[in-house]
Amino acid sequence: MLRPFPYGANYLSLQDTPELHRSLDNKVLFRYSAPAPSNADLLEAYAAERLGAGRALTVPNGTQALRVALMGTRPRVGDPVYIPAVTFVAVAGAVLSCGLVPVLVDADERFGLDASLLPADAERVVVAHMEGTVADLPEGVPYLIEDTAQATGGRHTDGRHAGTVGYAGTFSFHHAKILTSGEGGLVVVRDPAHWDVLRSYTDHGSAREQGKYPGWNPGAFYGENLCANEAVAAVQLQQFRRLDEILSSLERHYALTLEALGERSDVTVVAKRPGDVKTSVRLLLESRQLRDRAMERLEERNLPCWSLDKYLLPEHPVVAGRASLYADGFPWNLADGDDRYAPLSRDGFAATRDRLGRTLCVPLTPELDEAEQILLAKEIAATVASL
Ligand SMILES: *Cc1c(COP(=O)(O)O)cnc(C)c1O
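Residues take numbers from 1 onward in each chain, read along the sequence in its written order. For this predicted model, a pLDDT threshold of at least 70 governs which residues receive local features, and a threshold of 80 or more governs which side-chain atom pairs are given and counted, while totals over whole chains, interfaces and linings are taken from all residues. Side-chain measures were taken over the full set of non-hydrogen atoms in the model, leaving aside hydrogen atoms and water.

The condition is simple: UniProt positions are given in the numbering used here, feature names are shortened, and annotations may be inferred rather than shown by experiment.
An unreviewed UniProt entry lists the protein under the name DegT/DnrJ/EryC1/StrS family aminotransferase, from Streptomyces katrae. The UniProt entry for the protein carries this comment under Cofactor (unreviewed entry): "pyridoxal 5'-phosphate".

1. Some details on the overall build of the protein
Our working definition: Counting from the N terminus, the helices are DSSP H or I runs at least four residues long and the strands are E runs at least two residues long. What the globule rule says is 2.2 Å times the number of residues to the power 0.38, and the radius of gyration is computed from C-alpha atoms. Burial here depends on accessible area, computed with a 1.4 Å probe over protein chains only, as a share of the maximum for the residue type. Under 20% is buried, over 50% is exposed, and the range in between is partly exposed.
Looking only at helices and strands, one finds 11 helices and 10 strands in the protein. What you see for the protein is a C-alpha radius of gyration of 22 Å, in line with the 21 Å of a compact globule of 387 residues. Seen through its principal axes, the protein has C-alpha atoms that stretch 70 × 60 × 40 Å. A buried classification covers 54% of the 387 residues belonging to the protein.

2. Considerations on the nonpolar core
What counts here: Side-chain atoms within 4.5 Å link the members of a nonpolar core, which is a set of buried Ala, Val, Leu, Ile, Met, Phe, Trp, Tyr and Cys residues. Either an automatic procedure or a domain database provided the assignment from which the domain bounds are taken.
The biggest cluster of nonpolar side chains holds 43 residues, and the ones touching the most others in it are Leu186, Phe240, Leu283 and Leu360. If you list the elements that add at least two residues to this core, you get helix 2 (39–51), strand 7 (185–189), helix 6 (230–241), helix 7 (243–261), strand 9 (280–284), helix 8 (288–300), strand 10 (359–363) and helix 11 (370–385). When residues of this core are assigned to their parent elements, the largest contribution, six residues, is made by helix 7. Looking at which domains feed residues into this core, each of domain 1 (8–242) and domain 2 (244–311 + 350–385) supplies at least three. Core analysis: the second largest hydrophobic core is formed by 33 residues, Ala65, Ala69, Ile83 and Leu104 among them.

3. Focus: the environment of Arg288
Spelled out, the test is: Whether two residues touch is decided by their heavy atoms; if any such pair falls within 4.5 Å, the residues are in contact.
On the secondary structure map, Arg288 appears in helix 8. With 33 residues separating them in the primary sequence, Arg288 and Gly321 have C-alpha atoms 25 Å apart. Look past the residues within four positions of Arg288 in its chain and what remains in contact with it is Asp309, Arg353, Gly357 and Arg358.

4. Details of helix 7
In an α-helix there are 3.6 residues to a turn, and that puts residues three or four apart on one side. The test is simple: Any helix carries an expected span of 1.5 Å times its number of residues minus one.
Its 19 residues give helix 7 an end-to-end C-alpha distance of 27 Å, which sits within 8% of 27 Å, the value for a rise of 1.5 Å per residue. All of the buried residues in helix 7 are Leu243, Ile246, Leu247, Ser249, Leu250, His253, Tyr254, Leu256, Thr257, Ala260 and Leu261. On its buried face, helix 7 sits against helix 2, helix 6, strand 8 (268–270), strand 9 and helix 11.

5. Notes on the pairing of strand 2 (residues 80–84)
Put simply, the test is: When the strands point away from the viewer and the path from the first strand over the helix to the second turns clockwise, the crossover is right-handed.
Counted residue by residue, strand 2 has five buried out of five residues, so it is predominantly covered. Here strand 2 shows two buried faces, one formed by Pro80, Tyr82 and Pro84 and the other by Val81 and Ile83. Crossover connection from strand 2 via helix 4 (residues 90–97) to parallel strand 3 (residues 101–105): handedness right-handed.

6. Thoughts on unusual backbone geometry
The peptide bond linking Ala36 to Pro37 adopts the cis configuration, its omega dihedral lying at -5 degrees. Unusually for a residue other than glycine, Asn302 sits at a positive phi of about 65 degrees. Tracing the sequence through the fold places Asn302 in the loop between helix 8 and helix 9 (317–320). For Arg322, which is not glycine, the phi torsion reads 45 degrees and is therefore positive. Looking at the element boundaries, Arg322 is found in the loop between helix 9 and helix 10 (350–357).

7. Topic: the site of the ligand
Operational definition: Nearness here has a simple test: a residue counts as near a molecule or strand if at least one of its heavy atoms is within 4 Å of that partner. Counting of polar contacts relies on pairs of N or O atoms within 3.5 Å, with two restrictions inside protein: one atom must be capable of donating a hydrogen and the other of accepting it, and residues adjacent in sequence are counted only when both atoms are side-chain atoms. Per-residue and other accessible areas follow the Shrake-Rupley method at a 1.4 Å probe size, with only the shown protein chains counted as cover for residues. In this classification, Asp, Glu, Lys and Arg are treated as charged, Ala, Val, Leu, Ile, Met, Phe, Trp, Tyr, Cys and Pro as nonpolar, and every other residue, Gly included, as polar.
As a structural note, the neighbourhood of the ligand is formed by 14 residues, with Gly62, Thr63, Asp147, Ser172 and Lys177 the closest of them. Measuring from a nitrogen atom of the ligand, one finds a side-chain N or O atom of Asp147 at 2.6 Å. In the model, an oxygen atom of the ligand is placed 2.7 Å from a nitrogen or oxygen of the Ser172 side chain. Burial of the ligand by the surrounding chains reaches 94%, relative to a free accessible area of 380 Å². Class assignment for the residues of the shell around the ligand results in four nonpolar, eight polar and two charged.

8. A few points about the UniProt feature "transmembrane region" (unreviewed entry) in the protein
Summarizing the sequence annotation, UniProt attributes the feature "transmembrane region" (unreviewed entry) to residues 81–105 in the numbering used throughout. Measuring from the first to the last C-alpha atom of residues 81–105 gives 10 Å, for a span that is 32% helix and 36% strand.

9. Things to note about the side chain of Arg358
Along the chain, Arg358 falls in the loop between helix 10 and strand 10. Non-local contacts of Arg358, meaning those with residues more than four positions away in its chain, are made with Leu283, Leu284, Leu285, Glu286, Ser287, Arg288 and Arg291.

10. So, the state of the cysteines
For the record, the criterion: Note on terminology: pairs of cysteine sulfur atoms within 2.5 Å are recorded as disulfides.
Considering all chains together, one arrives at zero disulfides under this definition. Between Cys98, a free cysteine, and Cys227, which holds the nearest cysteine sulfur, the sulfur-to-sulfur gap is 17 Å. We classify Cys98 as buried; its relative accessible area is 12%.

11. Quick notes on the environment of Ser23
Locating Ser23 in the fold gives a position in helix 1 (residues 18–26). Sequence-distant contacts of Ser23, defined by excluding residues within four places in its chain, comprise Val28, Leu29, Asn39 and Glu230.

12. Notes on the domain arrangement of the protein
Stated precisely, the cut-off is as follows: Here's the idea: put two parts together, see how much 1.4 Å probe accessible area each one loses, and the total over both is what we call buried area.
According to the domain assignment, the protein contains domain 1 (8–242) and domain 2 (244–311 + 350–385). The interface of domain 1 with domain 2 comprises 29 residues on the first partner and 24 residues on the second. A buried area of about 2,400 Å², summed over both sides, lies between domain 1 and domain 2, and 48% of it is on carbon and sulfur atoms. For the interface between domain 1 and domain 2, the tally reads 20 residue pairs in polar contact (both at pLDDT 80 or more). Tallied by class, residues from the side of domain 1 that touches domain 2 come to 11 nonpolar, 10 polar and eight charged.

13. Considering the environment of Gly153
Relative to the elements of secondary structure, Gly153 occurs in the loop between strand 5 (143–147) and strand 6 (168–172). Once the C-alpha coordinates of Gly153 and Gly163 are considered, the two residues, 10 residues apart in sequence, prove to be 9.0 Å apart. Once you skip the residues sitting within four places of it in the chain, Gly153 turns out to touch Leu51, His161, Leu243, Leu247 and Val277.

So, in structure tokens, the structure goes:
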């Protein structure tokens with residue numbers, strides 16, 4: 001019955017992708033050789049408009065979006081970057097690969113970064129909107145980056161889009177995300193001057209004009225090649241045009257699932273806010289043991305569900321092991337024995353670990369029809385009740 005398949009992937013369609021046909025007809029898939037406006041230009045304009053962001057820049061994936069956003073803050077080597085203790089390891093990797101050092105900050109009850117733990121002089125902070133749940137933001141941080149890889153289209157309580165409030169917001173089009181082109185990323189910034197810096201960095205430090213060999217301003221800095229691909233941008237444009245449909249389908253499935261679960265004494269349904277993207281329903285069970293047994297039973301019966309355990313960074317081998325391919329251990333070596341980089345938690349992450357261990361997520365997917373979604377919710381409720 002159930003074919004769990006991620007969100008935007010359900011909407012991929014060759015018929016619906018005229019820009020891809022045009023690029024293939026033109027035989028140009030390189031952004032800066034395409035007739036203006038390129039697909040990448042169209043995508044960036046569409047995304048900025050749809051999200052209410054200043055400017056958008058497309059990059060090869062969400063991890064590069066984070067790296068580019070971090071480089072655009074013009075950091076010093078070894079600067080601390082405060083990151084959530086509960087997020088995908090890409091955040092830590094992006095920080096480290098810029099020569100910066102991640103400092104883990106414990107989570108609040110919604111698994112967002114607990115801003116009350118930040119030092120008053122924090123310069124660079126990454127907040128991640130995990131699994132559609134839009135996190136509260138710290139105030140007064142000069143370089144606040146909103147990692148929106150898992151919450152494209154989500155909104156803060158004041159109505160502004162997730163990703164558009166801080167200095168920069170980053171998005172992913174990986175296969176498992178809300179919109180997909182297999183791999184892909186986007187970074188948005190409020191300030192056009194920041195956009196110019198990021199664009200140059202992603203094109204060898206150049207000041208390129210469309211259709212020309214890259215040119216260089218005096219004082220050009222070194223960069224990388226992280227330019228968009230026109231075929232990929234065409235698919236991303238198609239996906240972005242479907243965003244509202246995807247979000248409203250998830251809303252409908254969320255409401256149906258809550259109704260099917262009903263009032264329960266054995267689990268707490270963790271309510272999402274109106275602006276959160278409804279990628280799943282989160283359930284909180286009484287103990288980790290019960291949660292683990294529920295997951296085993298559901299897996300035996302081929303019913304999709306997942307936990308968020310994998311996001312606990314203090315226990316992730318990449319973070320806990322502090323290893324590096326650099327022979328001198330760079331950049332972890334810069335933080336050795338220095339208290340400024342100590343993780344920020346009141347209880348050594350105990351409450352977060354406990355809460356993660358009791359959390360079970362029921363996936364919502366536009367691919368299920370309504371009857372299937374209700375059936376899935378009922379089966380999961382019955383499984384939990386039978387423990
Ligand atoms: C997926 C993800 C990323 C990385 O995005 P990629 O496009 O896979 O590089 C970063 N942060 C979070 C929270 C993610 O879920």
